[in-house]
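This is what each chain is made of:
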Amino acid sequence: YGGLGGGLYEGSPGWVYGDYRDPNELGAGGGTYWGRGGSGGGLVHIVAGAATIDGAILTNGGDAGRDDATAGSGGGVRLDVGTLSGSGTITASGGNGAGITTHYGASGGGGRVAIYYDSLDGFDTSASVTAHGGSGGGGAGAVGTVYLKQTGSEGVLRIDSHGATTGAWTPL
């Protein structure tokens with residue numbers, strides 16, 4: 001969805017789609033040769049005057065079911081809030097590849113997250129908001145996108161693996 005999937009022995013990963021500023025698509029499901037491909041991540045859109053995230057908002061792609069299938073890509077999250085607080089996480093990561101064969105079971109690319117806010121009250125957007133690519137199988141997926149826009153300020157597009165291995169570049 002927001003980042004390319006991991007390496008494949010036959011074929012190529014599906015291309016990225018959607019707008020990093022407005023995640024409004026589900027993640028793509030993983031392909032399969034014989035096995036079960038991972039499902040694509042979900043879609044969450046929250047509009048609120050204030051939001052406290054102390055748990056997790058997850059739209060992660062599903063893992064590959066076996067080594068001849070690929071994982072799903074991360075989905076989308078969009079928050080439109082006045083004040084964002086809490087100590088939770090927001091994640092739209094790709095699923096993990098499977099199997100001992102590095103030829104087929106590729107990982108999913110990261111999804112897309114966009115957060116529009118007036119103010120932050122203790123919520124750490126740098127560490128708690130991620131769209132990582134999956135790992136394992138035929139190779140790691142690419143990082144998805146995280147877009148942060150405070151009212152009255154320029155938006156910031158973040159493409160960040162937080163030190164994890166990535167298998168491809170992230171086209172915009």
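In this report, we go over the structure that sits alongside the text. Every value quoted in this text rests on a predicted model; they were computed, and no experiment measured them.

1. Some remarks on the pairing of strand β3 (residues 76-85)
- Most of β3 sits inside the fold, with 9 of its 10 residues counted as buried.
- Two elements, strand β1 (residues 43-52) and β3, share 9 bridges in a ladder whose sense is parallel. Looking across to β3, one finds that Leu43 is bridged to Gly76.
- Both β3 and strand β5 (residues 112-121) contribute to a ladder of 8 bridges, which runs parallel. The residue bridging Leu79 from the neighbouring strand is Ile115, located in β5.

2. A short note on the pattern of salt bridges
- What the rule picks out here adds up to 3 salt bridges.
- Here Arg78 ties to Asp80 by a salt bridge, and the two come within 2.9 Å at their closest N and O atoms.
- Residues joined by salt bridges that share partners form a network here, namely Asp22, Arg78 and Asp80.

3. Observations regarding the nonpolar core
- Residues Leu79, Leu84, Ile90, Val113, Ile115 and Val129 are the most contacted members of the largest nonpolar core, which totals 17 residues.
- If you list the elements that add at least two residues to this core, you get β3, β5 and β7 (145-150).
- In contact with Leu84, not counting residues within four places along its chain, are Ala51, Ile53, Leu79, Ile115, Ser119, Leu120, Asp121 and Phe123.

4. A word on the environment of Thr166
- Turning to its location among the elements, Thr166 is positioned in the segment after β8 (156-158).
- Taking the C-alpha atoms as reference points, Thr166 and His132, 34 residues apart in sequence, are found 8.4 Å from one another.
- In this structure Thr166 touches Ala140, Gly141, Val143 and Ser161, once residues within four positions along its chain are discounted.

5. A closer look at the packing of aromatic side chains
- A full pass over the atoms with the stated rule returns 3 aromatic pairs.
- Plain terms: the ring middles of Tyr1 and Tyr17 are 4.8 Å apart, the flat faces sit at 40° to each other, and that makes the pair tilted. A residue pair is termed long-range when its members are at least 10 positions apart, and Tyr1 in the segment before β1 and Tyr17 in the segment before β1 qualify at 16 residues.
- Taking the relative accessible area as the measure of exposure, Tyr1 reaches 3% and is therefore buried.

6. Concerning the sheet that holds strand β2 (residues 56-58)
- An order of β2-β4-β6 is seen for the 3 strands of this open sheet, with the pairing classed as parallel. A strand with exactly one partner marks an edge of an open sheet, and here the two such strands are β2 and β6 (129-130).
- Of the strand pairs in this sheet, strand β4 (residues 89-91) and β6 are connected by 2 bridges, and their pairing is parallel. By the bridge assignment, Thr91 is partnered in β6 with Thr130.

7. Some details on the environment of Glu154
- In this fold, Glu154 is placed in the loop between β7 and β8.
- Among all residues touching Glu154, those that are not within four sequence positions of it are Leu148 and Lys149.

The rules behind the values
Residues numbered from 1 in each chain as written. Predicted model: local features only at pLDDT ≥ 70, side-chain atom pairs only at ≥ 80, totals over all residues. Heavy atoms only, no water. Buried < 20%, exposed > 50% of the residue type's maximum accessible area, 1.4 Å probe, protein only. Helix = DSSP H or I, 4+ residues; strand = E, 2+ residues; numbered from the N terminus. Pairing = 2+ DSSP bridges. Salt bridge = Lys/Arg side-chain N within 4 Å of Asp/Glu carboxyl O. Core = buried A, V, L, I, M, F, W, Y, C linked by side-chain atoms within 4.5 Å. Contact = heavy atoms within 4.5 Å. Phe/Tyr/Trp six-rings, centres within 6.5 Å; stacked < 30°, edge-to-face > 60°.

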